[in-house]
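Summary of the model geometry
Listed here are the chains, written in short residue letters.
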Amino acid sequence: MPKAKKKQSLAEKINVMRASVMGANDGIISIAGIVIGVASAQSNNHAIFLSGIAGMLAGTVSMAMGEWVSVSTQSDSEKRAVEKESAALDGHYDDEFDFIRNKYQATGISNELATQATKEMMSDDPLDVAVREKYGFNPKEKTSAIAAAMASMISFPTGSILPLVSITMFPQSIKMVATVVAVMIALAITGYTAAALGGANRGKAVLRNIVSGLLTMLVTYLIGSLFAH
């Protein structure tokens, strides 16, 4: 009988979407900064394109490995927390029970109700409840380091394509302006998407993203201009 395919949890889906959006965002900003800097120093499209491709490849590997290490580290920390709490429940169950009950009481619940709620919740899965209340995460929800790394590996070069194509394909007279405008539009989209995923203020997120991109391009443009020939 074929093995049923494991479904992604909501937390894992959100993590993958976050990695995808941030990977695309970083790809846009990073490669825009590189190609704008090189283009301000010289007009050779071949050199500009090669620098963008090099940055794209380096950034893709860096982002993927960064996501893998980050999520793996988080998973390791959560695993240690579960092991620690499991040992605490085995040796000092009453202390862990009191911790959770006191936490509920601190929210304004009476001692009797807090005690009853703690008993009922811990009667089913004490480890799950204790970890969630003490460490703030659900041990049943797992995030995949490989999925996050793959999302970044795909999204970073995808985001990189826009500034790279803009700076090399537009006519010499307008390629700088066209690239900046294209990057601003793309950053507005990724900023809005990231804010929507995180439940943050969309307007502020879009503004922050555009400002960070403009500052990046301005700095690299000024540095490239110093070496213009």
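The structure displayed is predicted, hence computed values, not measured ones.

This part covers the packing of helix H7 (residues 175-198) against helix H8 (residues 202-226). The interhelical angle for the contact between H7 and H8, taken along N-to-C directions, is 145°, at an axis separation of 8 Å. For the pair H7 and H8, the sense of crossing is right-handed. Here Met176, Val180, Val183, Met184, Leu187, Ala188, Thr190, Gly191, Tyr192, Ala195 and Ala196 of H7 come into contact with H8, specifically with Arg202, Ala205, Val206, Asn209, Ile210, Gly213, Leu214, Met217 and Tyr221. Residue composition of the contact of H7 with H8, by class: 15 nonpolar, 4 polar and 1 charged.

With 47 residues, helix H2 (residues 45-91) should reach 69 Å at 1.5 Å per residue; the first-to-last C-alpha distance of 68 Å fits that figure. Backbone nitrogen of His46 and a side-chain oxygen of the N-cap are separated by 2.8 Å at the start of H2; the cap is Asn44.

Turning next to H8. Helix length check: H8 (25 residues) gives 37 Å between terminal C-alpha atoms against 36 Å at 1.5 Å per residue, within 8%. Buried residues of H8: Ala205, Val206, Asn209, Ile210, Gly213, Met217 and Gly224, and no others. Taking the backbone nitrogen of Gly203 as reference, a side-chain oxygen 3.0 Å away marks Asn201 as the first, capping residue of H8.

Moving on, we come to the nonpolar core. Counting residues in hydrophobic clusters, the biggest one holds 17 residues, and the most contacted among them are Ile31, Val35, Ile167 and Val183. At the level of elements, helix H1 (10-41), H2, helix H6 (145-169) and H7 are the ones that each hand at least two residues to this core. With residues near it in sequence (within four places) discarded, Val35 still touches Ile48, Gly52, Pro163, Leu164 and Ile167. Counting residues in hydrophobic clusters, the runner-up holds 8 residues, among them Phe97, Ile100, Tyr104 and Ala114.

Let's shift gears to a nonpolar patch on the surface. Together, Val61, Met65, Trp68, Val69, Ile146, Met150, Met153 and Ile154 give the surface a local cluster of nonpolar side chains, amounting to about 770 Å² of exposed area. Residue position: Val69 is located in helix H2. Accessibility expressed as a relative area gives 43% for Val69, which makes it partly exposed.

This part covers the confidence of the model for the protein. The predicted model of the protein has a mean per-residue pLDDT of 87, with 94% of residues at 70 or higher. When pLDDT is averaged over each element of the protein, H8 comes out on top at 92 and H1 at the bottom at 86. Contacts for the low-pLDDT stretch residues 1-5, under 50 throughout, to residues beyond four places or in other chains number 0 contacts.

Turning next to the packing of aromatic side chains. If you walk through the whole model with that rule in mind, you get 1 aromatic pair. Over the ring of Phe99 we find Lys134; its NZ or CZ atom is 5.5 Å from the centre of that ring. Its guanidinium or amino end placed over the ring of Tyr192, Arg202 lies 5.9 Å from that ring's centre, counting from NZ or CZ.

Counted by the stated rule, this structure contains 6 salt bridges. We note a salt bridge from Glu96 to Lys134, for which the minimum N-O separation is 3.0 Å. Here the residue Glu96 occupies a position in helix H3 (residues 93-105), and Lys134 occupies one in helix H5 (residues 126-135), the gap between them amounting to 38 residues. Take Glu96: its relative accessible area is 8%, and that puts it in the buried class. Lys140 is the partner of Asp125 in a salt bridge, and the nearest nitrogen-oxygen pair spans 3.5 Å. One end of the pair, Asp125, is in the loop between helix H4 (111-124) and H5; the other, Lys140, is in the loop between H5 and H6, and 15 residues separate them in sequence. Look at Lys140 and you get exposed, because its relative accessible area is 60%. Shared partners join several salt bridges into a network, and the residues in it are Glu85, Glu96 and Lys134.

How each quantity is defined
Residues numbered from 1 in each chain as written. Predicted model: local features only at pLDDT ≥ 70, side-chain atom pairs only at ≥ 80, totals over all residues. Heavy atoms only, no water. Axes fitted to C-alpha atoms, helices over the stretch in contact; angles between N-to-C directions. Helix = DSSP H or I, 4+ residues; strand = E, 2+ residues; numbered from the N terminus. Left-handed = near helix turned anticlockwise from the far one by under 90°. Contact = heavy atoms within 4.5 Å. Nonpolar A, V, L, I, M, F, W, Y, C, P; charged D, E, K, R; others polar. Expected span 1.5 Å × (residues − 1). Polar contact = N/O pair within 3.5 Å; in protein donor to acceptor, adjacent residues only side chain to side chain. Buried < 20%, exposed > 50% of the residue type's maximum accessible area, 1.4 Å probe, protein only. Core = buried A, V, L, I, M, F, W, Y, C linked by side-chain atoms within 4.5 Å. Patch = residues over 30% accessible without salt bridge, like charges linked within 9 Å, V, L, I, M, F, W, Y side chains within 5 Å. Areas by Shrake-Rupley, 256 points an atom, 1.4 Å probe, with all protein chains shown as cover. Salt bridge = Lys/Arg side-chain N within 4 Å of Asp/Glu carboxyl O. pLDDT = per-residue confidence, 0-100. Phe/Tyr/Trp six-rings, centres within 6.5 Å; stacked < 30°, edge-to-face > 60°. Lys NZ or Arg CZ within 6 Å of the ring centre and 35° of its normal.

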